[in-house]
Amino acid sequence: MSQPEQRGDAEQQTGSPPNPRAVCNVCTRLFRDPKILPCLHTFCADCVGRLEPFAVSSRKRPEDGRSEAAEADRPAGTVTVLCPDCDSEVDLPASGPGGLSTDHLALHEVFLETLATDGPLGCDLCGEGGAESRCDVCCVNLCAFCCQAHRRQKRTASHPVPRLEELKSRGGLRRPVLCSLHPDQEPRLFCPPCDLPVCLECAAALHRDHGCRRALDAVELHGGRIREVVAARLRPRMERLKESLQKVEISQEALQARVDAAANEVRAFARAYASVVEDHCLSLQHRLEELHVQRRSQLHLQQAQLQQALLDVGGAVDFAERLLSRGSDVEVLSAKGVTLRRLTGLAETGYDPHPATIAPDDGGGVVFVAGEPAGEVGGFPLVGAIHSMAVDLARCSVEGEGLQRGVEGERGHFTLVCRDSAGKQVQRGGEHVLVSVVHKEKEDCALEVTVSDGADGSYGVSYAAGEPGPYAVGVCVKGQHVKGSPFALQVKRKLRRHGGTFHCCSFCSSGGSKEARCGCAGSMPGTPVSPRGQRGHGERTDLMDEREAHHGAIFTKVALFSP
């Protein structure tokens, strides 16, 4: 029987399913040459090679939403695939699956799984007898004859050779990690320039001047960085995600309970009428189901986002903790690069909603009003209607002049009106409303915003207009943008009122020039206001009598001008 067939029959031999950590989720068999993807999920090298490419980097202008800087960091020829477990986009090296890090922890699980079978292990030296013992130094399984020979040789006489049954009972078996160039040696050193574990011979020949250090010393540094990211950043993230997911699940139960209660009220009311009222009952239930599906879809979307974020963070943390607690020095160093990249990426850019945006929903927004008139059918008056007090983001409206235009140094105002799915204003407050006003062209330039709850579904928003220019106004309810958000706001420079005194002759002699200046050095663009009909100094507020409009006559104007 071939080796793959033996792996496939592991479950049949033991009578129990194999360890899931030793099985590839693509081929559902024991791992063969397991490789770690950048998302920290492990698959057989052949299974990774059969994944359909999602994208191929050719150093052209990115069109898939990646930034140009991120695209420039990817080597030419890099293939992007979707992880079969989490659907994340992961990059494969140009050399293919062979360039990925080997998952030695998975190989160890496969090794333990093969030992758990009832079939005997073969001797690693003669290949004929059944193995009874194992050399802890040479890491080989030995039959009785080879065990005696092993103990008689001077070079191996001092090696401890415990029996396999004893090792199985205490879980002391471990598959050795050997050097790819010197299969008889384990890598016990670490080369910092090459970022690789190396054996003694490789350190002496290929890495002579690289300052190799003991793997035990190197793992303290890199293992500490992994522990820091897990403990300080990702474990708190896991707790927040669990709490948010629990809130969503509670909301689903409350919503379902409220919907069921409203349906019972509808049926009880409808039994008082005959067939006409029964038709009305069906229409009410249809409306109720629409509201139920609408709100349930929103909760399902939140649940899916939180579950996926929890799976990503939980899987990465579990892998990192297993690597640190169960992996050898070489195993930790072999996988530390991909592990740190994944952990750091999740800590910096992962989905991490604010808990205030995941407020519990007790379903109180869905109500049945029994006494509301519902028209007539066949001469029979009908009463009873379903109302949704839940906010429909697509129906909300934002009104006010301050939403589109602002003046430097002045306060702008606009109003958010929350509406339900029927377009009616929600007659209650308490929604989590978040408004941001950010300059589009300048970094770290955001305006201070004040939101006041009107307790009737309306929310007054005011801000102090800062530097002139274009701004983006984001209006969010429960962490989601209302329809049309973000809005475009243009803040203009303030025009200062000018109350200077100027001589008519100086204006007249300028021929109505817009560049004419008064005593306060202000420019005087404007309309014809001079007593002699010339284009003059701003809007006319106080003209002198025609008889006084002689050379040198003084009169006062009030104008608007740019400083």
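Residues numbered from 1 in each chain as written. Predicted model: local features only at pLDDT ≥ 70, side-chain atom pairs only at ≥ 80, totals over all residues. Heavy atoms only, no water.

As recorded in an unreviewed UniProt entry, the protein goes by RING-type E3 ubiquitin transferase and comes from Gasterosteus aculeatus aculeatus. Turning to the protein, the UniProt annotation filed under Catalytic activity (unreviewed entry) states: "S-ubiquitinyl-[E2 ubiquitin-conjugating enzyme]-L-cysteine + [acceptor protein]-L-lysine = [E2 ubiquitin-conjugating enzyme]-L-cysteine + N(6)-ubiquitinyl-[acceptor protein]-L-lysine." UniProt, in the comment section headed Sequence similarities (unreviewed entry), describes the protein in these words: "Belongs to the TRIM/RBCC family." (UniProt positions renumbered as here; feature names shortened; annotations may be inferred.)

For the rest of this paragraph, the subject is the overall build of the protein. Helix and strand counts for the protein come out as 12 helices and 26 strands. The proportion of buried residues among the 563 residues of the protein is 41%. For the protein, the share of sequence-separated contacts (at least 6 apart) that also reach a separation of at least 24 residues comes to 57%. Total accessible area computed for the protein in this model is approximately 30,500 Å², and 50% of it derives from carbon and sulfur atoms. (Helix = DSSP H or I, 4+ residues; strand = E, 2+ residues; numbered from the N terminus. Buried < 20%, exposed > 50% of the residue type's maximum accessible area, 1.4 Å probe, protein only. Contact = heavy atoms within 4.5 Å. Areas by Shrake-Rupley, 256 points an atom, 1.4 Å probe, with all protein chains shown as cover.)

Omega for the peptide link from Ser-485 to Pro-486 comes to 0°, which places this bond in the cis form. For Pro-486, the position within the fold is in the loop between strand E21 (480-481) and strand E22 (487-492). Phi is positive for Ala-455, close to 65°, though the residue is something other than glycine. Here Ala-455 is to be found in the loop between strand E18 (449-453) and strand E19 (458-464).

Look at helix H11 (residues 329-349): 29 Å from first C-alpha to last across 21 residues, which is about the 30 Å you get at 1.5 Å a residue. Roughly 55° is the biggest bend found in H11, and it falls at Lys-336. (Expected span 1.5 Å × (residues − 1). Bend = angle between axes of the 7 residues up to and from the residue.)

Turning next to the sheet that holds strand E14 (residues 397-399). Paired through backbone hydrogen bonds, the strands of a sheet run either parallel or antiparallel to each other. Overall, antiparallel pairing links the four strands, which are arranged E14-E16-E19-E18 in an open sheet. Looking at strand neighbours, the two that pair on one side only are E14 and E18, the edges of this open sheet. Each strand axis lies, on average, 20° off the axis of its neighbour in the sheet, ignoring direction. As paired elements, E14 and strand E16 (residues 411-417) share three bridges and run antiparallel to each other. Bridge pairing links Ser-397 to Val-417 in E16. (Pairing = 2+ DSSP bridges. Axes fitted to C-alpha atoms, helices over the stretch in contact; angles between N-to-C directions.)

We now examine the packing of helix H9 (residues 215-270) against helix H10 (residues 275-326). Packing of H9 against H10 brings their axes to within 8 Å, and their N-to-C directions diverge by 165°. By the criterion of interaxial angle, the relationship of H9 to H10 is roughly antiparallel. Seen along the crossing, H9 lies across H10 with a hand that is left-handed. Counted by class, the contact of H9 with H10 contains 25 nonpolar, 12 polar and nine charged residues. (Parallel < 35°, antiparallel > 145°, perpendicular 65-115°, else oblique. Left-handed = near helix turned anticlockwise from the far one by under 90°. Nonpolar A, V, L, I, M, F, W, Y, C, P; charged D, E, K, R; others polar.)

In strand E5 (residues 89-92), alternate side chains face the same way, and those of Val-90 and Leu-92 are buried while those of Glu-89 and Asp-91 on the opposite face are not. What sits between the antiparallel neighbours strand E4 (residues 79-82) and E5 is a turn of six residues, in which Asp-87 has the positive phi angle 60°.

Let's shift gears to the pairing of E19. E19 sits mainly inside the fold: five of its seven residues count as buried. In terms of strand pairing, E16 meets E19 through seven bridges, oriented antiparallel. Residue pairing across strands places His-413 opposite Ser-462, the latter belonging to E19. In this antiparallel pair of consecutive strands, E18 and E19, the connection spans four residues, and Ala-455 shows a positive phi of 65°.

Moving on: the sheet that holds strand E11 (residues 213-214). Taken in spatial order, the three strands line up as E10-E9-E11 in an open sheet, and their pairing is antiparallel. Edge positions in the open sheet fall to strand E10 (196-198) and E11, since each of these has one partner strand only. By the bridge criterion, two bridges tie strand E9 (residues 189-191) to E11 in an arrangement that is antiparallel. Following the sheet pairing, Leu-189 is matched in E11 by Arg-214.

The next point concerns the confidence of the model for the protein. Of all residues in the protein, 73% have pLDDT values of 70 or greater, and the mean over the chain is 76. In this model residues 1-10 is a low-confidence stretch, pLDDT under 50, and it forms nine contacts with partners more than four residues away in sequence or in other chains. Overall, residues 59-65 carries pLDDT values under 50, and its contacts beyond four positions in sequence, including any with other chains, amount to eight contacts. (pLDDT = per-residue confidence, 0-100.)

Going through the model one piece at a time under the given rule, you end up with nine salt bridges. In this structure, Glu-467 and Lys-442 form a salt bridge, with 2.3 Å as the shortest nitrogen-oxygen distance. Separated by 25 residues along the polypeptide, Glu-467 in the loop between E19 and strand E20 (469-477) and Lys-442 in the loop between strand E17 (433-439) and E18 bring together distant segments of the chain. Judged by its relative accessible area of 39%, Glu-467 is partly exposed. (Salt bridge = Lys/Arg side-chain N within 4 Å of Asp/Glu carboxyl O.)

Bringing the UniProt feature "coiled-coil region" (unreviewed entry) in the protein into the picture now. Those places that UniProt annotates as "coiled-coil region" (unreviewed entry) correspond, in this numbering, to residues 238-265. Across residues 238-265 one finds 100% helix and 0% strand; the C-alpha atoms that close the span lie 41 Å apart.

Our next topic: the side chain of Ser-458. Within the secondary structure layout, Ser-458 lies in strand E19. Judged by relative accessible area, Ser-458 falls into the buried class, the value being 16%. For Ser-458, the side chain forms a polar contact with the side chain of Asp-456, separated by 2.5 Å. (Polar contact = N/O pair within 3.5 Å; in protein donor to acceptor, adjacent residues only side chain to side chain.)

Our next topic: the nonpolar core. The biggest cluster of nonpolar side chains holds 29 residues, and the ones touching the most others in it are Ile-226, Leu-234 and Leu-343. Residue assignment for this core shows that the elements contributing at least two residues are H9, H10 and H11. Of all the elements, H10 adds the most residues to this core, at 10 residues. Cys-396, Leu-403, Tyr-459 and Val-477 belong to the second-largest nonpolar core, a separate cluster that totals 26 residues. (Core = buried A, V, L, I, M, F, W, Y, C linked by side-chain atoms within 4.5 Å.)

In this section: the environment of Val-81. Topologically, Val-81 is positioned in strand E4. Assessed through its relative accessible area of 1%, Val-81 is described here as buried. For the pair Val-81 and Leu-37, spaced 44 residues apart in the sequence, the C-alpha separation amounts to 9.9 Å. Setting aside residues no more than four positions away along its own chain, Val-81 makes contact with Leu-51, Glu-52, Pro-53, Phe-54, Ser-88, Glu-89, Val-90 and Leu-92.

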